[in-house]
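Architecture at a glance
Chain by chain, the residues run as shown.
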Amino acid sequence: MKQTLKENGGLPPLILWTLSIVAGISVANLYYNQPLLNMLRYDLDVSEFTTNLIAMVTQIGYALGLLFVVPLADMYKRKKIIVTNFALLVLSLLCIATAPNIHIILTASLFTGICSVIPQIFIPIAAIYSKPENKGRNVGLVVSGLLSGILVSRVISGVVGELFGWREMYYIAAVLMVVCSIVVVTVLPDIRPTFKGKYADLMKSLLSLVKDYPALRIYAVRSGLAFGSFLAMWSCLAFKMGQAPFFANSDVVGMLGLCGVAGAMSASLVGKYVRKVGVRAFNFWGCGLILLAWLLLYFGGNFYTSIIAGIIIIDIGMQCIQLSNQSSIFELCPAASNRVNTIFMTTYFVGGSLGTFLSGTAWQLFGWAGTAGVGVFLCCASLLVTLLSAKKI
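All of the points below concern the structure found in this document. (Residues numbered from 1 in each chain as written. Predicted model: local features only at pLDDT ≥ 70, side-chain atom pairs only at ≥ 80, totals over all residues. Heavy atoms only, no water.)

Side note on empty space enclosed by the protein
- Taken as a whole, this structure holds 2 cavities of 30 Å³ or more when the rule is applied.
- Surrounding the largest cavity, 19 residues form its lining, Tyr31, Leu146, Leu147, Ile150 and Phe227 being those nearest its centre.
- When residues of the lining of the largest cavity are traced back to their parent elements, those giving at least two are α7 (135-163), α10 (214-241), α14 (304-329) and α15 (337-366).
- Residue contributions to the lining of the largest cavity peak at 5 residues, all from α7.
- Of the pockets and cavities examined, the second largest cavity occupies roughly 30 Å³.
- Forming the walls of the second largest cavity are Glu48, Phe49, Asn52, Cys236, Phe239, Gly360, Trp363 and Gln364.
- Among the secondary structure elements, those contributing two or more residues to the lining of the second largest cavity are α3 (48-68), α10 and α15. (1 Å grid on protein atoms, 1.4 Å probe; cavity = no way out; pocket = protein on both sides within 12 Å on 5 of 7 lines; lining within 4 Å. Points joined across faces, edges and corners; volume = space filled by probe spheres on them. Helix = DSSP H or I, 4+ residues; strand = E, 2+ residues; numbered from the N terminus.)

Overview of the layout of surface pockets
- Taken as a whole, the largest pocket holds about 460 Å³ of empty space.
- Every residue lining the largest pocket is counted, 23 residues in all, and those nearest its centre are Lys135, Gly136, Arg275, Ser327 and Glu331.
- Mapped by element, the contributors of at least two residues to the lining of the largest pocket are α6 (119-129), α7, α12 (261-277) and α14.
- Its residues placed into classes, the lining of the largest pocket shows 10 nonpolar, 6 polar and 7 charged. (Nonpolar A, V, L, I, M, F, W, Y, C, P; charged D, E, K, R; others polar.)

Quick look at a nonpolar patch on the surface
- Among the surface-exposed residues, Val159, Leu163, Phe164, Met255 and Leu258 lie close enough to one another that they form a single nonpolar patch of about 490 Å² accessible area.
- Along the chain, leucine 163 turns up in helix α7.
- Assessed through its relative accessible area of 60%, leucine 163 is described here as exposed. (Patch = residues over 30% accessible without salt bridge, like charges linked within 9 Å, V, L, I, M, F, W, Y side chains within 5 Å. Areas by Shrake-Rupley, 256 points an atom, 1.4 Å probe, with all protein chains shown as cover. Salt bridge = Lys/Arg side-chain N within 4 Å of Asp/Glu carboxyl O. Buried < 20%, exposed > 50% of the residue type's maximum accessible area, 1.4 Å probe, protein only.)

Some points on the pattern of salt bridges
- Inspection of every chain in the model, using the stated rule, returns 2 salt bridges.
- The salt bridge partner of glutamate 48 is arginine 41, with a shortest N-O separation of 3.9 Å.
- Of the residues examined, arginine 41 reaches a relative accessible area of 15% and is grouped as buried.

Written out as C-alpha cells, the structure is:
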C-alpha cells in the first residue's frame, strides 16, 4: 500500500487498527512467561528466585530496546526497523522454545525484550499523524490494543502451558511474529525520518531532551515507579497462587489476567479526557487506586474475590498514570517523538524491572507481605514525585 502520512493529517482506519492489533500481538512476547514461571521452575529444576529472573531480564531487555532501538525510528524508515525486529524475535522465541537450560532462556529472553519494542514505535505514529482532535483517542486505541495483548498473552500462555507445555507457547509466538511482519509490510506506509546525522548524535540528543524538558523527567519517573508497583504483583502472583489455599496451576493464573480488561477498556477513556481532567489529577487518582488494590491484595490475599478486585483496580489505576503521562509527552517536542517516547518508556521499564527485582527478593524473604510492601512503597514514591512537582504537571 503506497500512502503518505502527514503530520496532524489523520490516520486511515486500516492503519490505525493495524497499529493497535499488531502492538498487542508483539508486546505479548514480554508476558507469556508470567503464568508459566512455576512450570518452568519445576521443568528446569531451579529456584523461585532464579525463575523470577526470566521476567526481570525480559523487562531489562525491553528497556534496552527502548533506549537503543526506538530512537532509530527518527533516523531510518520505520517499516524497515519493525520488520528487522520481527525477524530477530522469531529467532529468540525459537531459542526459548528449544532451550535445554535456564541460561539460554535468560539470554534469549533478553533479546526477546529488546526486540519487542515495536508498539513503542507505533504509539508516536498514532500521536503525530492523527488529527489534533483525535490524538488522545487514537493513542488510547493503540494502547488499548497493547494492553489487550498483555491480557490475552497471559490467558493464552496459561492455557497452552497447561494443555501442551510451556515450550509450545513459544513456538506459537514465533509463528505469530512471522504473520505480523507480513501484515506490516503490506499495510504500513513508508514514513520519512526526521533526524539527519550519525547514530552517536542521535543518542546524544536524548540527553539534551532530558535536560531541556523538566516535564518529561516528571512524566517518566512517576510512571516508572507506578509500573514497578504494578509488576511487583504480576511477577510474584504465580508463586502466590501456587500456594495454599489456592494451589492454582498456570491456566488459573492466566485467566486472572482477564481481570485486567478493565484497564484496557479504560485506556481509550483516559486518552479522551486527559486534556479536560488534567494529567496531574489522573496521577492522583491512579496512585489512589493502586494503593487501594494493594490493600485488597494483601488483607484479602486468601480470597479469590479480593485477588480479582485487586487486579481490576490496579490495572485501571496504572492506565490512569501511564496514558495520561505518555499522551502528554508528545506535545513537548513533536519532531523528536520517538526519542521522547524512548526516554519515557526506558524509564518506565527500568521502573518495572526494579519492581520485579525488589518483589522477587521480598518474596524470598517475607512472602506475599514483602511483595505487597514493595508495591506500596513504589506507589507512594510515584505519588511523592507528583506532590513535589509543579502544579501544572
